[in-house]
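Examination of the molecular architecture
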Amino acid sequence: MAVKVLLVEDERRIADFVCDGLGARGLSVEHVDNGHAGYARASEGHFDIIILDIMLPGRDGLSILSELRKKSIATPVILLTARNELGDRVKGLDLGADDYLAKPFYVEELASRINALVRRDHQSALQVGSIRLDRVSRQASCNGQAIDLTSREFNLLEYLMRSPGEVFTRAQMLEHVWGYDFDPSTNVVDVCVKRIRAKINELSVTHDDKSPIEAVRGSGYRFRLVQSS
């Protein structure tokens, strides 16, 4: 069955480019050109992916995203943003967007992002060792005990857990979790990792008292394989 995509985009040139490109790759694309119609269709929950422009007539993309998440509609959302609008990218990720693309972009990249999100969404639960993430309810637990994570902490933990054992640089984490270009002066990654570690350690249920998030000197962080107790 073809992946069903809702495209909410008011620029006809971009909409035609996306519809033609994704259609040629076997995806089924429905296009609406304003925020009110986009919200109405997205609320029905019949799509595998929503591609959502931020600047829309009628209702802007961020308000649509916010309301969808408040209604517990977990359909993956890719935001389309202006290249220099860092604030919009950050706010969108905070509101629950799954990914973003800055205009202009290649349809090949958009298709790749869609495929990655569809594969991820088909696996609603992610578990490595004693840590389990439920991507639908966005709940985390360690050996069955709930870990109270903020949205950003959940996103960072998920990013690391998707590839256990792989080392991610701070620049990669800033880009994928915060939507930032790398800023060597910021310590937001380290602060977020410290908070996650503390919350897991408070449960005192890891088998060897080592944090599952391991710092790699001179490189970044990785999620190490932890055996369930």
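Cut-offs applied
- Residues numbered from 1 in each chain as written.
- Predicted model: local features only at pLDDT ≥ 70, side-chain atom pairs only at ≥ 80, totals over all residues.
- Heavy atoms only, no water.
- Pairing = 2+ DSSP bridges.
- Helix = DSSP H or I, 4+ residues; strand = E, 2+ residues; numbered from the N terminus.
- Axes fitted to C-alpha atoms, helices over the stretch in contact; angles between N-to-C directions.
- Contact = heavy atoms within 4.5 Å.
- Salt bridge = Lys/Arg side-chain N within 4 Å of Asp/Glu carboxyl O.
- Buried < 20%, exposed > 50% of the residue type's maximum accessible area, 1.4 Å probe, protein only.
- Right-handed = clockwise from strand over helix to strand, strands pointing away.

**Details of the sheet that holds strand β5 (residues 99-103)**
In space, the five strands of this open sheet follow the order β2-β1-β3-β4-β5, with parallel pairing throughout. Where the open sheet ends on each side, the last strands, each with one partner, are β2 (28-32) and β5. Ignoring which end each strand starts from, the neighbouring axes of this sheet average 20° apart. Strand direction decides the pairing type here: strand β3 (residues 49-53) and strand β4 (residues 77-82), joined by four bridges, are parallel.

**Let's talk about the sheet that holds strand β8 (residues 139-142)**
The four strands lie next to each other as β6-β7-β8-β9, forming an open sheet whose pairing is antiparallel. Sheet topology places β6 (125-128) and β9 (145-147) at the edges, where each strand pairs with a single neighbour. Averaged over all neighbouring strand pairs, the angle between strand axes comes to 25°, with direction disregarded. Of the pairings in the sheet, the one linking β8 to β9 comprises three bridges and is antiparallel in character. Pairing of Ser-141 across the sheet is with Ala-146, part of β9. This element, helix α6 (residues 151-161), spans β6, β7 (131-134) and β8 of the sheet and lies at about 115° to β7. In the packing of helix α8 (residues 188-203) onto the sheet, contacts are made with β7, β8 and β9, and the angle to β9 comes to roughly 160°.

**Considering the pattern of salt bridges**
Enumeration over the complete set of coordinates arrives at 15 salt bridges. For Asp-190, the salt bridge goes to Arg-170, with nearest N and O atoms at 3.0 Å. One end of the pair, Asp-190, is in helix α8; the other, Arg-170, is in helix α7 (residues 170-178), with 20 residues separating them in the sequence. Note on Asp-190: relative accessible area 25%, which makes it partly exposed. The salt bridge partner of Arg-222 is Glu-214, with a shortest N-O separation of 3.0 Å. If you follow the salt bridges from partner to partner, you end up with Glu-9, Glu-11, Asp-53 and Lys-103 in one network.

**With respect to the pairing of β4**
When you tally the buried positions in β4, you get five out of six residues, the bulk of the element. At this point the chain moves from β3, through helix α3 (residues 61-70), to the parallel β4, and the crossover so formed is right-handed. With five bridges joining them, β4 and β5 adopt parallel strand pairing. From the neighbouring strand, Leu-80 faces β5, where its bridge partner is Leu-101.

**A few points about helix α4 (residues 86-95)**
For α4, the full list of buried residues reads Asp-88, Arg-89, Val-90, Gly-92 and Leu-93. Within two residues after α4, Gly-96 carries a phi angle of roughly 115°, on the positive side.

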